[in-house]
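Residue strings, one per chain:
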Amino acid sequence: MSKLEKETSAAKTIQAYKDAATQIGLVLKPGDGLDSGDYPHDAYTNLRYIRRVNSIGKEHRKIIKIISRVLVTQRDEKGKPTKKEYIYYTGNFKAVNHRGIEYSAGFTIGKYNVPKIVQEVRQIIGPNSYDDNFNLIGYTSELRDRDGRFYAFVDFNADEVGKIRECPHCLEYEIHNKLQPRILKKGQVKPPDYDEFIQCYECGNISGIHETHFESKIKDSVETTDNPFEGNESIFLSTDNRATKT
Ligand SMILES: [Zn+2]
């Protein structure tokens, strides 16, 4: 990745998702053109545009349009909340190809999204959940993002490598769709067995989450840093010296 790309919000967001996934032994599905895989669509698409512009011609211009200032509450070394000012900027990369046509891609530099993945583990006690030595080798985990929104069901193998559970029906046609919590019809009351089934939102196919029985427990949460701003000095534009209002 070129230096131009690396410092953008899009590239840093994608990297943050990779890092967060690696931390819990999860491999995210890579994007494929229009499909952003398991990555946030906006960041994925933006990075594609930036790469396209950077691959055109020899001269690349970086035009800053808007500089924004935000006050962020952070905890200092003693855990005391302090307000700190950060600056981020948005603009365009521009390049002209050999025919003289100008290409452009928007960028944001100075902030990016860090997924905070909370891992809830549901142990599936089924025929294939234990190995010959009665060690638990398979269970389903539910991953949620920092806002508590459902992200995916994930199976971990004995090597703690996770795989997002995908719809087996769609997979027959080599289409990757995440299985998600069951959809209730308008006004429908949650049935007692609601948690036992998961559904594909594309084809409607319903799958069982476990074979015969499961226990639910919360495992240690895996959290990445909550600070959405990067520690790159060239990005902070020396706001440290400025007096901040508290
Ligand atoms: Zn499906």
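See the structure above.
The rules behind each value
- Residue positions are given per chain, counted from 1 along the sequence in the order it is written.
- Where totals are concerned, whole chains, interfaces and linings use all residues; where local detail is concerned, this predicted model gives features only for residues with pLDDT of at least 70, and gives and counts side-chain atom pairs only at 80 or more.
- Our exposure labels follow a C-beta count within 10 Å of each residue's own C-beta, placed from the backbone: buried means 20 or more other C-beta atoms, exposed means 12 or fewer, and partly exposed covers the counts in between.
- What counts as a helix is a DSSP run of H or I of at least four residues, what counts as a strand is a run of E of at least two, and both are numbered from the N terminus.
- DSSP bridges decide pairing: two strands pair if at least two such bridges lie between them.
- Note on terminology: a nonpolar core is a set of buried residues of type Ala, Val, Leu, Ile, Met, Phe, Trp, Tyr or Cys, with members joined through C-beta atoms within 7 Å.
- Placing C-beta atoms from the backbone, we regard two residues as in contact once those atoms come within 7 Å.
- The convention used is that axes are lines fitted to C-alpha atoms, helices contributing only their stretch in contact, and that angles between N-to-C directions extend from 0 to 180 degrees.

**Student:** What is the right way to look at the pairing of strand 9 (residues 197-200) in this model?
**Tutor:** Residue alternation in strand 9 divides its side chains into a buried set, I198 and C200, and an unburied set, F197 and Q199. Two elements, strand 8 (residues 179-181) and strand 9, share three bridges in a ladder whose sense is antiparallel. Residue P181 lies in a different strand from strand 9, and its bridge partner there is I198. Examined bridge by bridge, strand 9 and strand 10 (residues 206-208) share three bridges and lie antiparallel to one another. Bridge assignment links F197 to a residue of strand 10, and that residue is G208. What sits between the antiparallel neighbours strand 9 and strand 10 is a turn of five residues, in which G204 has the positive phi angle 85°.

**Student:** Looking at this structure, how should I read unusual backbone geometry?
**Tutor:** Apart from glycine, the bulk of residues carry a negative phi angle, and the bulk of peptide bonds sit in the trans form. The backbone of E174 sits at a positive phi, close to 60°, despite the residue not being glycine. Secondary-structure assignment places E174 in the loop between helix 4 (168-171) and strand 8.

**Student:** How should I be thinking about the nonpolar core in this particular structure?
**Tutor:** Most often, soluble globular proteins have nonpolar side chains that are buried together. By size, the foremost hydrophobic cluster in this structure holds 31 residues, and its most contacted members are A10, I14, Y17, A43, L47, I50 and V154. Those elements that provide at least two residues to this core are helix 2 (9-23), helix 3 (41-54), strand 2 (81-96), strand 3 (102-109), strand 6 (150-156) and strand 9. For this core, the element with the most residues is helix 2, which contributes seven residues. Beyond its immediate chain neighbours, meaning those up to four positions away, A43 contacts A10, T13 and I14.

**Student:** Sorry, what's going on with the sheet that holds strand 8 here?
**Tutor:** Note on sheets: strands pair through backbone hydrogen bonds, and any given pair is parallel or antiparallel. Across the sheet, three strands lie side by side as 8-9-10; this open sheet has antiparallel pairing. The sheet is open, and its two borders are formed by strand 8 and strand 10, each paired with just one other strand. Each strand axis lies, on average, 45° off the axis of its neighbour in the sheet, ignoring direction.

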